[in-house]
Amino acid sequence: MYFHGTSKVNDKGHLEIGGVDTVDLANKYGTPLYIYDVELIRNRARGFKQTFDDLGIKAQVAYASKAFSTVAMVQLVEQEGLSLDVVSGGELYTALAAEFPVDRIHFHGNNKSREELEMALTNNIGCIVVDNFHEIHLLEEIADSLNKKVKILLRVTPGIEAHTHDYILTGQEDSKFGFDLQNGQAEKALKLAIESNNLDVLGIHCHIGSQIFDTTGFILAAQKIFTKLNDWKTALSYEPRVLNLGGGFGIRYTDNDEPLSPDKYVKEIINEVKKQAENYQMNMPEIWIEPGRSLVGDSGTTIYKIGSSKEVPDVRKYLAIDGGMSDNIRPALYQANYEAVLANRVLEQPEETVSIAGKCCESGDMLIWDLPLPRAGSDDLLAVFCTGAYGYSMANNYNRIPRPPVVFVESGSTTLVVRRETFEDMVRLDLPINERVKN
C-alpha cells in the first residue's frame, strides 16, 4: 500500500489525511467528497520553485490551473509565489475573483475568443501564449483599439510527442496547438509578431505531452528549439527573453508509474538550456515551466460510500459507489488507472477481488477493475487516491447528479472550499417551457 503526502492510518484503522480522519470528513460533508492534502501541494510547489532559486536561475513556475481551478486553489498558488496558467475566460475570471496578481497570469488556448482576449487585455494580464495566425491578427486589432502593447509567447510544436517513456519525433507534428517548427509556420508567425507595434514577443513556448517520467523529451525539445532560434538570430535578429518548456511532469497513480522528483526535472532542464544557450552564444533566457497534475494530482483523494453489489458467478463481483463518471470521468474517457482502499478498514487484508462500478446509467461507468479489498458492504467507505487533477475540473451533472464538495486539510484543520451542489443549483438556470424570452 502506497501513501501519498501526509496520508497514513490512524489508531482507529482509518485513513487520515492532513491530520484529519477521512471517516469524520465523510460523516460531516457526505460522499462523494474530494479531499486535498494542502501540505503535499505546498511541498510540490516548493520542490519546483526552490530549485530554480537555489541555482540562481530566473524563472517562473506557473500552475496549469486546468488541472483543478477554484478560488481557494488559486489563492494557495499565490501563497506559494507561483504564476498561473489559464485557458478560458472562466479560469481567468476565477483568477481575478481570487485576486491573483495579474502580471503573473498567462493565458493559453487554441481558440481564444475576442471577448476572452478583451477580458485579458483590459485586466492587464502578464502574458498571452499565442497559438495561431488568427489569434495574432485578432490580438493586434484588440491591442490597437485599447492602445496597449501585449507581452506574448509563441507556442510552437517542436515535432516531439512524449507520453511516459514513449517519444515520437516527427518532421511535422499533427496537433491542434501551436505553430509548426519545421514547415516555416513558426518563423512566419515570429516575423509577423516582431513587426507588430502592439506585440512584445517575450519568447517561445512548447508543450510535449503528459505523464512524463524522465527528462529526455524536454532535452530534445530544447535542442530542436535552439536550433531554430539560432536560425532566427541570423535571419530576424531575434533572441528570446523567455523559453517555456511546458509541463507534463508525471505522478504516481499505480506501481507502474515511476516519476522523478521536481528538482530532478528542473535541474536537467536548466542544464540543457544553459548548454544550448552557450553553444549558440545566446543570452540565457528566463525559464518557465507549467506543472499542473504534478502539483495537485496525488494530493487529491475521493471518498465514496459503497452501496449495492452484484456477483456474476465465475466472472466477477461488482461493488457500486455513490459517484462515478460524474465526478471522475477519466477512467471512462481514457482508461485511467487508480488505487483504492477502504477508508474505514485500511489495515484489513484483502479477501476478494472486486470491480468498482459508478452509479451513472452507462455500462462504461467503471472506476476500477479488479481491485483487491476486504469483504465490503454498504457501511464501508472507499478512498480512491490521486484524484486531485482533472477530477473536480471535469466533473459534470450527467444523470443530474450534483457535483461533490471539496475540502482542504492541513495540520489537523479542515476548510470547505467548494460546497456540495444541490438539486436546486442544477435547475437554477433552467426555464419553463412557457417562459417567453424577449429578443
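So, a few notes on the structure that sits alongside this text. Note that the structure is a prediction, hence the values are computed from the model and not measured.

How each quantity is defined
Residues numbered from 1 in each chain as written. Predicted model: local features only at pLDDT ≥ 70, side-chain atom pairs only at ≥ 80, totals over all residues. Heavy atoms only, no water. Helix = DSSP H or I, 4+ residues; strand = E, 2+ residues; numbered from the N terminus. Buried < 20%, exposed > 50% of the residue type's maximum accessible area, 1.4 Å probe, protein only. Phe/Tyr/Trp six-rings, centres within 6.5 Å; stacked < 30°, edge-to-face > 60°. Lys NZ or Arg CZ within 6 Å of the ring centre and 35° of its normal.

Let us now look at unusual backbone geometry. Each neighbour pair has its own omega, and for Thr31 with Pro32 the value is -5°, a cis peptide bond. Along the chain, Pro32 falls in the loop between α1 (22-29) and β4 (33-37). Unusually for a residue other than glycine, Glu99 sits at a positive phi of about 60°. For Glu99, the location among the structural elements is in the loop between α4 (89-97) and β7 (105-107). Judged by relative accessible area, which is 68%, Glu99 ranks as exposed. Its identity is not glycine, yet Asn147 carries a phi of approximately 55°, on the positive side. Examined against the element boundaries, Asn147 turns out to sit in the loop between α6 (133-146) and β9 (150-157). In this structure Asn147 comes out as exposed when scored by relative accessible area, which is 73%.

We now examine the packing of aromatic side chains. Throughout the structure, instances matching the rule amount to 11 aromatic pairs. Here the aromatic rings of Tyr34 and Tyr392 are separated by 6.0 Å at their centres, their planes lie at 90°, and the arrangement is edge-to-face. Here Tyr34, found in strand β4, pairs with Tyr392, found in the loop between β22 (381-385) and β23 (406-410); they are 358 residues apart in sequence, far enough to count as distant. On the accessibility criterion, Tyr34 (1% relative accessible area) is buried. Arranged with centres 5.9 Å apart and planes meeting at 85°, the rings of Phe68 and Tyr392 form a pair that is edge-to-face. Of this pair, Phe68 sits in the loop between β5 (59-64) and α3 (71-79) while Tyr392 sits in the loop between β22 and β23; the two residues are 324 residues apart in sequence, bridging distant segments of the chain. Each member of the aromatic cluster is reached from another via a ring pair, and the members are Tyr34, Tyr36, Phe68, Tyr392 and Phe408. For Lys188, the ring lying beneath its charged end belongs to Phe133, and the centroid distance is 5.1 Å. The positively charged end of Arg252 is found above the aromatic ring belonging to Tyr2, 4.1 Å away from the centroid.

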